[in-house]
Amino acid sequence: MATTITIKNLTKRFGDVVAVNNVSLTIDPGTFLTLLGPSGCGKTTLLRCISGLEDPNEGEIFIG
C-alpha cells in the first residue's frame, strides 16, 4: 500500500519546553527517511505525533 505522509507546521510543547517547532515535510511512498540529530532534539516526539501517541499543539498531519 502506497501512502503519502504530509506534515504542516507541526509544533509540540511539554509545558514551557518546545520539543518540535514548526516542522513541515512530505514523505512520498517508497521513500526511505532518516531522522538524525542529537539527543533531545525532537525525533521521537515527531514520530510519536505521526503515530498518534501524542497530540500536536499546532499544525496538521495527513496520512494518505
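Please refer to the structure higher up on the page.
Residues numbered from 1 in each chain as written. Predicted model: local features only at pLDDT ≥ 70, side-chain atom pairs only at ≥ 80, totals over all residues. Heavy atoms only, no water.

The helix and strand inventory of the chain stands at one helix and three strands. Counting helices and strands in the order they occur from the N terminus, the chain gives β-β-α-β. For 64 residues, the compact-globule formula gives about 11 Å, and the C-alpha radius of gyration of the chain, at 12 Å, lands near that figure. In terms of its C-alpha atoms, the chain occupies a principal-axis envelope of roughly 40 × 25 × 20 Å. (Helix = DSSP H or I, 4+ residues; strand = E, 2+ residues; numbered from the N terminus. Rg over C-alpha atoms; globule rule 2.2 N^0.38 Å.)

With seven residues, the main nonpolar core is built from Ile7, Leu10, Ala19, Val20, Leu46, Cys49 and Ile50. The residues touching leucine 10, leaving out its near neighbours within four places in the chain, are Val20, Asn21, Asn22, Val23, Leu46, Cys49, Pro56, Glu58, Gly59 and Ile61. (Core = buried A, V, L, I, M, F, W, Y, C linked by side-chain atoms within 4.5 Å. Buried < 20%, exposed > 50% of the residue type's maximum accessible area, 1.4 Å probe, protein only. Contact = heavy atoms within 4.5 Å.)

Now for the pattern of salt bridges. As enumerated under the stated definition, the model contains three salt bridges in all. Among the ionic pairs, glutamate 58 bridges to arginine 13, the shortest N-O distance being 2.9 Å. Note that glutamate 58 is positioned in strand S3 (residues 58-63) and arginine 13 in strand S1 (residues 5-14), a separation of 45 residues in sequence. A residue is classified by how much of its surface remains accessible, and arginine 13, at 33% relative accessible area, is partly exposed. The residue glutamate 54 makes a salt bridge to arginine 48 at a minimum N-O spacing of 3.3 Å. Given the relative accessible area of 18%, glutamate 54 is considered buried. Taken together, the shared-partner salt bridges connect Lys12, Arg48 and Glu54 into one network. (Salt bridge = Lys/Arg side-chain N within 4 Å of Asp/Glu carboxyl O.)

To continue, consider a nonpolar patch on the surface. On the surface, a nonpolar cluster with roughly 250 Å² of combined accessible area is contributed by Leu33, Leu35 and Leu47. With relative accessibility at 48%, the residue leucine 47 sits in the partly exposed group. (Patch = residues over 30% accessible without salt bridge, like charges linked within 9 Å, V, L, I, M, F, W, Y side chains within 5 Å. Areas by Shrake-Rupley, 256 points an atom, 1.4 Å probe, with all protein chains shown as cover.)

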